[in-house]
Amino acid sequence: MSTWSSRDTFAHSRGTDLGRFRFGLRRISASARCLPQFLIIGAMRGGTTTLCRHLVTHSKIEAAFNKEVHYFDKNFHRGLDWYRAFFPLRSSTPVDSITGEATPYYLFHPRCPRHAAKMLRDIRLIAVLRDPVERAFSHFQWATERGREKLSFEEALEAEEDRLSGEHERLSADARYTSFAHQFYSYKARGLYADQLERWFAEFDRRSIMVLKSESLFSTPSATIPGVLRFLGLPDEDLGILPHRNMGSGRLMDPRTRERLRGFFEPHNRRLNELLGWTEEW
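Remember, it's a predicted structure, so these values are computed and weren't measured experimentally.

Novice: So what's going on with the side chain of His54? Residues and values would help.
Specialist: Looking at the element boundaries, His54 is found in helix H3 (residues 48-55). The class of His54 is buried, set by a relative accessible area of 5%. Excluding anything up to four places from it in sequence, His54 contacts Ile225, Leu239, Gly240, Ile241, Leu242 and Pro243.

Novice: Residue-level account of the nonpolar core, with values.
Specialist: Counting 36 residues, the largest nonpolar core has Leu39, Phe72, Tyr83, Tyr106, Leu129, Leu197 and Trp200 as the members making the most contacts within it. Contributing elements (two or more residues each) for this core: strand E1 (38-42), helix H4 (71-74), helix H5 (80-84), helix H6 (112-119), strand E4 (124-129), helix H11 (193-201), strand E5 (209-213) and helix H14 (255-276). With five residues, H11 is the largest single contributor of residues to this core. Discounting chain neighbours no more than four positions away, the residues touching Leu129 are Ala43, Leu107, Tyr193, Leu197, Val211, Leu212, Lys213, Ser214, Glu215, Leu272, Trp278 and Trp282. Judged by nonpolar contacts, the second largest core, of 24 residues, contains Phe38, Val128, Phe218 and Ile225.

Novice: Please provide a residue-by-residue account of unusual backbone geometry, values included.
Specialist: Cis geometry is found at the peptide bond from Gly42 to Ala43, where omega equals 5°. Within the secondary structure layout, Ala43 lies in the loop between E1 and H3. Unlike most non-glycine residues, His70 shows phi in positive territory, near 60°. Mapped onto the fold, His70 is located in the loop between strand E2 (61-63) and H4.

Novice: Please set out the pattern of salt bridges residue by residue, giving values where relevant.
Specialist: Evaluated as defined, the whole model comprises 12 salt bridges. A salt bridge links Arg258 to Glu134, with the shortest nitrogen-to-oxygen separation between them at 2.2 Å. Linking Arg258 in helix H14 with Glu134 in helix H7 (residues 132-145), this pair joins segments that are 124 residues apart in sequence. The exposure class of Arg258 is partly exposed, given its relative accessible area of 27%. Note on Glu134: relative accessible area 26%, which makes it partly exposed. One salt bridge in this structure joins Asp205 and Arg207, with 2.7 Å as the shortest N-O distance. The partly exposed category is assigned to Asp205, whose relative accessible area is 40%. Residue classification places Arg207 among the exposed positions, given a relative accessible area of 68%. Salt bridges here are not isolated pairs; linked through shared partners, they connect Asp195, Glu198 and Arg271.

Novice: I'd like a description of the sheet that holds E5, backed by residues and values.
Specialist: Hydrogen bonding along the main chain pairs the strands of a sheet, whether they run parallel or antiparallel. Sheet architecture is open: five strands sit in the order E2-E3-E1-E4-E5, paired in parallel fashion. In the strand order of this sheet, the two ends are held by E2 and E5, each with one partner. Adjacent strand axes in the sheet meet at a mean angle of 25°, parallel and antiparallel pairs treated alike. Its contacts with the sheet place helix H13 (residues 221-231) against E4 and E5, and it is angled at close to 170° to E5.

Novice: Quick one: what's the story with the layout of surface pockets, residue by residue and with numbers?
Specialist: Its volume calculated, the second largest pocket comes out at about 530 Å³. Residue lining of the second largest pocket: 19 residues in total, with Glu160, Glu161, Lys188, Ala189 and Phe264 positioned closest to the centre. At the level of elements, helix H8 (153-164), H11 and H14 are the ones that each hand at least two residues to the lining of the second largest pocket. Of the residues assigned to the lining of the second largest pocket, the class counts are seven nonpolar, four polar and eight charged.

Novice: Tell me about the packing of H7 against H14, and name the residues and values.
Specialist: It is the contact of H7 with H14, at a shortest axis distance of 9 Å, that shows an interaxial angle of 125°. In terms of axis orientation, H7 runs oblique to H14. For the pair H7 and H14, contact is made by Pro132, Val133 and Glu134 and by Arg258, Leu261, Arg262, Phe265 and Asn269, respectively. Residues of the contact of H7 with H14, tallied by class, amount to four nonpolar, one polar and three charged.

Novice: Describe the packing of aromatic side chains, and please don't skip the residues or the numbers.
Specialist: Enumeration according to the criterion identifies 22 aromatic pairs in this entry. Relative to Tyr83, the ring of Tyr71 lies with its centre 4.4 Å away and its plane at 15°, an arrangement referred to as stacked. Placement of Tyr71 in helix H4 and of Tyr83 in helix H5 is noted, with a sequence separation of 12 residues between them. Note on Tyr83: relative accessible area 0%, which makes it buried.

The rules behind the values
Residues numbered from 1 in each chain as written. Predicted model: local features only at pLDDT ≥ 70, side-chain atom pairs only at ≥ 80, totals over all residues. Heavy atoms only, no water. Helix = DSSP H or I, 4+ residues; strand = E, 2+ residues; numbered from the N terminus. Buried < 20%, exposed > 50% of the residue type's maximum accessible area, 1.4 Å probe, protein only. Contact = heavy atoms within 4.5 Å. Core = buried A, V, L, I, M, F, W, Y, C linked by side-chain atoms within 4.5 Å. Salt bridge = Lys/Arg side-chain N within 4 Å of Asp/Glu carboxyl O. Pairing = 2+ DSSP bridges. Axes fitted to C-alpha atoms, helices over the stretch in contact; angles between N-to-C directions. 1 Å grid on protein atoms, 1.4 Å probe; cavity = no way out; pocket = protein on both sides within 12 Å on 5 of 7 lines; lining within 4 Å. Points joined across faces, edges and corners; volume = space filled by probe spheres on them. Nonpolar A, V, L, I, M, F, W, Y, C, P; charged D, E, K, R; others polar. Parallel < 35°, antiparallel > 145°, perpendicular 65-115°, else oblique. Phe/Tyr/Trp six-rings, centres within 6.5 Å; stacked < 30°, edge-to-face > 60°.

This is the structure:
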């Protein structure tokens, strides 16, 4: 079992001298490091941080050095040694333990399934899906609080199609291309879950992909977490109380906007239910 030190874990991603030094040392030993046995692939604002931080308290899970590595979406061109540097040494990892990471952009990014399938054929994948209406508004609040969004929610929804125009195609064609708009302004697009899952199903056996509802994770963790552990091939273990991490600022959505979003997502949710055999509606 290992957990993150917020200072040590994210030092490299913040670009500090200490972070770069530590990452350089880990990269030297990359060939002796593990590759992940599981990925939490999304969705953004769906509870991926909560789930991942809870799972790494299990005695048989070794945490990656970063929760979000962003290899298969934005850093695939850096190569396998770069990726391995984020994981523990095989010599220090018990043979019956596993490691993994959680990057919620993986589910939405069009190239990620192909990239992951090239090197992680035996991987276990977990997608945590949240009511797309609530997810979109939580995403907007998150972007606003970080200064990434200056428009109102309604303005941002109206602008989304223009902001994302052509970005999916450019990302699909070029492994080095990155898109701020695709990553951060995709309030509605990220809630079209069936499209995203179908890309992953095309590359991986469906039995290697677990799809959860965020609402079930938080309302019935005592039933949900043991199922996740079984899926990962781990023994059941009392991980304590699942923390309820912030998934929104508490601001209220305009009821008229909520109703419009409900109508927009209704056919997409229906297709998702058909794809997964779900019967419960959001």
